Structure formats: structure tokens, C-alpha cells
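# Topology and contacts: notes
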Amino acid sequence: YLVFTDLDGTLLNHHDYSFAEAAEALSFLQKKSIPLIIVTSKTFAEVKLLQEKLNIKCPFIVENGAGIFIPSASPIASSVDCDDPYIKITQAQTYLELRIFFKKVQREYTIRGFGDMQVKEVMELTSLDEASAINAMKRDFTEPFILEGEVDIEALKKEAMKEGLDIVKGGRFFHLVSKGQDKAYAMKHLTHLFEEFLDKKMRMIALGDSANDFTMLKAADIGVLIPLHDGTYADIADKTVMKSPYAGPKGWNKTLMEILDV
Ligand code: 2M8
Ligand code: MG
Ligand code: MG
């Protein structure tokens, strides 16, 4: 198995970003050496720190699928001799390109992105502490944004598509992303690398709670939809996806333990 997981509202509690309730399943994965692959809207800087807290050194996927990072010390990277601590795989447009588009459409749409905000504002919107908010603002590929007043998000999406971009919805924010560079795409890409390296077929388990996770949940062998913090489920039109009974890390833990038959 490879376990792919979203963070906010999935492995991390929506309110305080804690993963304490997932301790049991986390240590089971460690014990069995099952790779835990983070697939998130968060940035490289945010995930790097979290990996240290989780004490894992697995490859990970940042900014909604835009970037895959493989620690150069991991076995899967052993065929290359690399000075950088991480090998980066990406086909996404850069943050600069996205910001140029963003500025242009701001003439017509009342949207406000992380690039327009001070650290304080990001802290207020996310309840992240200062250091974490600063890390969330270190974007390489995608722009989280909020709507101010009436915004025709479908029309904006069409504008984005014309430039090879797209808009997806996370837990708190909309995200301007590169078209096709989504969580499912990155998950499949990384799984393929594992399969080539290990020379065997891997089964993908994927867990997530929001619309930006749907492609990944559908593409996995086992997709798990975690309920939102209010107990309701995001509206996924797929009967093959399992529904976890509890929100956040509690549901993550329970459902993963069931799947792994512990
Ligand atoms: C943003 O992502 C979340 C994930 O679903 C959201 O849209 O609510 C990202 O910008 C991420 O970098 C940040 O840590 C997070 C904080 O809530 O928000
Ligand atoms: Mg989430
Ligand atoms: Mg997410």
C-alpha cells in the first residue's frame, strides 16, 4: 500500500491543526514501513516542518498537486547523485505567472489572494501562528484567495482555463492552480515512480475532505471521504468512495485502521 493524505480537516484537525487523534494509525504505518504521502494545498515550507513533527521522510506533494518533492536520501531517489536535499518534480506554472494573471483579473473580480495580504491577515483567516502563516505565504505554484462580495466564480474559472489555469476549492480558500496539475495527477505520477522502483504494483489509499481532494479519492484504489468539521460531507458524486464516520484525525485513524485490518 501507499497512503496518500490531505492535511487540513483530514489528518489535521480543522481548528487547531493537531494530529494527536491519529497517533495509533500513524505509528502502525511507521511500524509496517507503509509510506505516508502528504498531498496538500500547503507549501513546501509548511510540509517540511510537519514532516519533522511527524518524524517521516517520505516523498510529498504540495500546493494541490503542483509539486512532488522526494527527499534525495530516500531509497526511491538512489539512482541519482544529488546535492540538493530534495528532488523536485513539477510541470506547473510558477507563482509569478499566476500572480500576473491574478492581478489582471482583479480589475474585474473582487478577489484577494495571499500575495495581497499581510501576515496578520493570513493569521486571522487561518488561525495559524505567525511562523506558520509566513510558511503558508511562501508559495511556489498556487494562489489561495478569498472572495470579497459578489464574484462569479464560474466566469472567473473560464478566464483561468484560457490561460492554462484552473480554480479549485479547499477548506477555507479558493485556489488558483495550473490546469491538470491536481492531486490525482501527482498521486498517480508518484505511484508510478514507486512501482517502477520496486518493480511491483502498489495499491493507493487516499483520504481527504474537500472538493480539491475528489479527483484523488476517485483515482485511488480505496478513497476515503472524511466528513467536514460540522459533520456533513462534501458533495462527492461517487458511490465507490468510502465515508469515514468522524471528522479530522479521529475519522482518519478509525477508517485507516479498518482498511489495514488492524
Ligand atoms: C490553505 O489551504 C487550505 C487547505 O484546504 C484551505 O484552502 O483551507 C493553504 O493556503 C495552506 O498553505 C494553508 O496552510 C491553509 C491554512 O488554513 O490554507
Ligand atoms: Mg482538507
Ligand atoms: Mg487540502
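Just above, that's the structure.
Quick caveat, the model's predicted, so the values are computed rather than measured.

### Re the coordination of the magnesium ion (ligand 2)
- Only Asp6 (OD), Asp8 (O) and Asp209 (OD) from the protein coordinate the magnesium ion (ligand 2), and they sit 2.1 to 2.2 Å from it.
- For the magnesium ion (ligand 2), the single-chain donor residues occur in sequence as D-x1-D-x200-D.
- In this structure, the magnesium ion (ligand 2) is positioned 3.4 Å from the magnesium ion (ligand 3), and both are ligated by Asp6. Here Asp8 is found in the loop between strand E1 (2-5) and helix H1 (23-31), whereas its partner Asp209 is found in the loop between strand E10 (204-208) and helix H8 (214-219), with 201 residues between them in sequence.

### Looking at helix H2 (residues 44-54)
- For H2, the complete set of buried residues consists of Phe44, Ala45, Glu46, Val47, Leu50, Gln51 and Leu54.
- Structurally, H2 contributes buried residues whose contacts are with H1, strand E2 (36-38), strand E3 (60-62), strand E4 (67-71), strand E5 (86-90) and helix H5 (130-136).
- Where H2 terminates, the next one or two residues include Asn55, which has phi positive at roughly 60 degrees.

### Side note on the sheet that holds strand E6 (residues 111-113)
- Taken together, the four strands give an open sheet; going across it, the order is E6-E7-E9-E8, and neighbouring strands pair in antiparallel fashion. Across the chains shown, the open sheet's two edge strands, defined by having one partner strand only, are E6 and strand E8 (165-169). Adjacent strand axes in the sheet meet at a mean angle of 35 degrees, parallel and antiparallel pairs treated alike.
- Here E6 pairs with strand E7 (residues 143-147) via three bridges, running antiparallel. Across the sheet, Ile111 pairs through a bridge with Leu147, a residue of E7.
- Packed onto the sheet, helix H6 (residues 153-162) meets E6, E7, E8 and strand E9 (174-178) and runs at close to 145 degrees relative to E8.

### With respect to the pattern of salt bridges
- One pass over the full model with this rule turns up 14 salt bridges.
- Salt-bridge contacts for Lys42 lead to Asp8; the nearest nitrogen and oxygen are separated by 2.8 Å. Here Asp8 lies in the loop between E1 and H1 and Lys42 lies in the loop between E2 and H2, a separation of 34 residues in the sequence.
- Given the relative accessible area of 11%, Lys42 is considered buried.
- Several salt bridges converge on common partners, so that one network encompasses Arg99, Lys103, Asp116 and Glu143.

What counts and what doesn't
- In this convention, every chain numbers its residues from 1, walking through the sequence in written order.
- Naming scheme: in the order in which they are written, chains are lettered from A and ligands are numbered from 1.
- Per-residue local features of the predicted model are confined to residues with pLDDT of at least 70, and side-chain atom pairs are confined, for both listing and counting, to 80 or more; whole-chain, interface and lining totals are unaffected and use all residues.
- Side-chain descriptors were evaluated using all non-hydrogen atoms of the structure, hydrogens and water having been removed beforehand.
- The donor definition counts N, O and S atoms within 2.8 Å of each metal and applies 3.2 Å to Na, K and Ca; water is not among these atoms, so some sites may look incomplete.
- In DSSP terms, a helix is any run of H or I states spanning at least four residues, a strand is any run of E spanning at least two, and both are numbered starting from the N terminus.
- Exposure categories follow from relative accessible area, calculated using a 1.4 Å probe and restricted to protein chains: below 20% of the type maximum is buried, above 50% is exposed, and the middle band is partly exposed.
- Any two residues whose heavy atoms approach within 4.5 Å at even a single point are treated as in contact.
- If DSSP finds at least two bridges between two strands, the strands pair.
- Between N-to-C directions, angles span 0 to 180 degrees; the directions come from axes that are lines fitted to C-alpha atoms, helices contributing only their stretch in contact.
- In the sections that follow, a salt bridge refers to a side-chain nitrogen of Lys or Arg positioned within 4 Å of a carboxyl oxygen of Asp or Glu.

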